[in-house]
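# Results of the structural survey
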Amino acid sequence: MQKMPIMVAVLLTAGMALAAGNIDDSNKYAWGENAGWQNWNPPSGDVTVTPNDADGYLSGHIWAENIGWIKLGDGTGPYLNDSATDWGVNLDAAGNLSGYAWGENVGWISVSNNYSQVTINTVSGEFSGYAWSENIGWLSLRGTVPDYGVRTTAYDVSVLPPVTVFTFR
């Protein structure tokens, strides 16, 4: 019976780690001229990049003081983006994003379009490019003066949990 409380504690700790997201706290801001700053790592935003070869996706919520919450997906990706119940931001093996985010106050936000492609560098985890919203215009994921940008730790080998190797004899 003593194993049950330990198992519950382990599961709760794992759940809290997943809910925290994987956006670097030092590199968490995007900018939009009409939207202001967007925080990709707010205290309860849980933005998570899930690389999985050609079937990767993003999930969680971005906070923007001027426009409210922006949802990237519900965590059941990859998303088909073909209905009001199956939408979100997908990630391919090369780091290209596709699909849509949704903001209750701003509508749909496209991360790939004819003029710009949001990407994630699969080595550094840095986002780049511009997303587009019909209602608020361009959202920049990286810029200078001031220096800002969004970066995920999903590609950092140094922050991945240690792997235990068992040898059976």
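First things first, this report covers the structure right here in the doc. (Residues numbered from 1 in each chain as written. Predicted model: local features only at pLDDT ≥ 70, side-chain atom pairs only at ≥ 80, totals over all residues. Heavy atoms only, no water.)

### Concerning the overall build of the protein chain
Note the cut-off: Secondary structure is summarised from DSSP: a helix means a run of H or I of at least four residues, a strand means a run of E of at least two, and numbering begins at the N terminus for each. Note on exposure labels: buried denotes an accessible area under 20% of the residue type's maximum, exposed denotes more than 50%, and partly exposed covers the range between, all computed with a 1.4 Å probe on protein chains only. For the area figures, the Shrake-Rupley method with a 1.4 Å probe applies, and any residue is considered shielded solely by the protein chains shown.
Looking only at helices and strands, the protein chain has 1 helix and 14 strands in total. For the protein chain, the residues scored as buried account for 41% of the 169 residues in total. Carbon and sulfur atoms provide 58% of the accessible area of the protein chain, an area that totals close to 10,300 Å².

### Things to note about unusual backbone geometry
The linkage connecting Gly-77 with the following residue, Pro-78, adopts the cis geometry, with an omega of 5 degrees. Examined against the element boundaries, Pro-78 turns out to sit in the loop between β5 (68-73) and β6 (89-91). The phi dihedral of Asn-81 falls on the positive side, at around 55 degrees, and the residue is not glycine. Positive phi values are uncommon outside glycine, yet Val-145 reaches one of about 55 degrees. For Val-145, the location among the structural elements is in the loop between β13 (142-143) and β14 (148-152). On the basis of relative accessibility, which here comes to 80%, the residue Val-145 falls in the exposed class.

### Observations regarding the pairing of strand β8 (residues 107-110)
Using the following cut-off: Any two strands between which DSSP finds at least two bridges are classified as paired.
Alignment of strand β7 (residues 97-103) against β8, held across 4 bridges, turns out to be antiparallel. Paired with Trp-102 across the bridge in β8 is Trp-108. Count of turn residues in the β7/β8 antiparallel hairpin: 3 residues. Sheet topology places β8 next to strand β11 (residues 130-133); 2 bridges connect them, and they run antiparallel. Each bridged residue has a counterpart across the sheet, and for Ser-110 the counterpart in β11 is Trp-132.

### Considering the packing of aromatic side chains
How two aromatic rings sit relative to each other is given by the distance of their centres and the angle of their planes. Spelled out, the test is: Any pair of Phe, Tyr and Trp rings, taking the six-membered ring for Trp, is counted once the centres come within 6.5 Å. Such a pair is stacked with planes under 30 degrees apart, edge-to-face with planes over 60 apart, and tilted for the rest.
According to the stated counting rule, one finds 11 aromatic pairs in the structure shown. Their ring planes at 85 degrees and their centres at 5.2 Å tell us that Trp-37 and Tyr-148 sit as a pair that is edge-to-face. In this pair, Trp-37 sits in strand β2 (residues 36-39) while Tyr-148 sits in strand β14, placing the two residues 111 residues apart along the sequence. A relative accessible area of 14% means that Tyr-148 is categorised as buried. Aromatic pair Tyr-100 and Trp-108: ring centres 6.0 Å apart, planes at 70 degrees, arrangement edge-to-face.

### Structural notes on the environment of Gly-107
Inclusion rule: A contact between two residues is defined here by any heavy atoms of the two lying within 4.5 Å.
In this structure, Gly-107 sits in strand β8. Take Gly-107: its relative accessible area is 13%, and that puts it in the buried class. Remark: the alpha-carbon pair of Gly-107 and Ile-136, spanning 29 residues in sequence, is separated by 9.0 Å. Once residues lying within four places of it in the same chain are set aside, the contact partners of Gly-107 are Ala-101, Trp-102 and Asn-135.

### Some details on a nonpolar patch on the surface
Heads up, the rule is: A patch consists of residues whose relative accessible area exceeds 30% and which take part in no salt bridge; residues with like charges are grouped when within 9 Å of each other, and nonpolar side chains (Val, Leu, Ile, Met, Phe, Trp, Tyr) when within 5 Å. Any carboxyl oxygen of Asp or Glu within 4 Å of a side-chain nitrogen of Lys or Arg constitutes a salt bridge here.
A surface patch of nonpolar side chains, about 390 Å² in accessible area, is lined by Tyr-115, Tyr-130 and Trp-138. Under the relative-accessibility criterion, Tyr-130 is labelled partly exposed at 41%.

### Details of the nonpolar core
Rule in force here: The term nonpolar core refers to a set of buried residues drawn from Ala, Val, Leu, Ile, Met, Phe, Trp, Tyr and Cys, joined through side-chain atoms within 4.5 Å.
In terms of nonpolar packing, the biggest core is built from 29 residues, with Trp-40, Val-49, Leu-58, Leu-72, Leu-97 and Phe-127 touching the most fellow members. Broken down by element, this core gets its largest block of residues, 3 residues, from strand β4 (residues 56-64). Discounting chain neighbours no more than four positions away, the residues touching Leu-58 are Trp-40, Thr-48, Val-49, Leu-72, Gly-73, Tyr-79, Val-89, Leu-91, Leu-97 and Phe-127.

### A word on the pattern of salt bridges
Inspection of every chain in the model, using the stated rule, returns 3 salt bridges. Where Asp-24 meets Arg-151, a salt bridge forms, and the shortest distance between an N and an O atom there is 3.1 Å. Residue Asp-24 is located in strand β1 (residues 23-32), and its partner Arg-151 is located in strand β14; the two are separated by 127 residues in the primary sequence. Overall, the relative accessible area of 15% leaves Arg-151 in the buried class. The partner of Lys-28 in a salt bridge is Asp-25, and the shortest N-O contact between them spans 3.2 Å. Residue class for Lys-28 comes out buried when judged on its relative accessible area of 14%.

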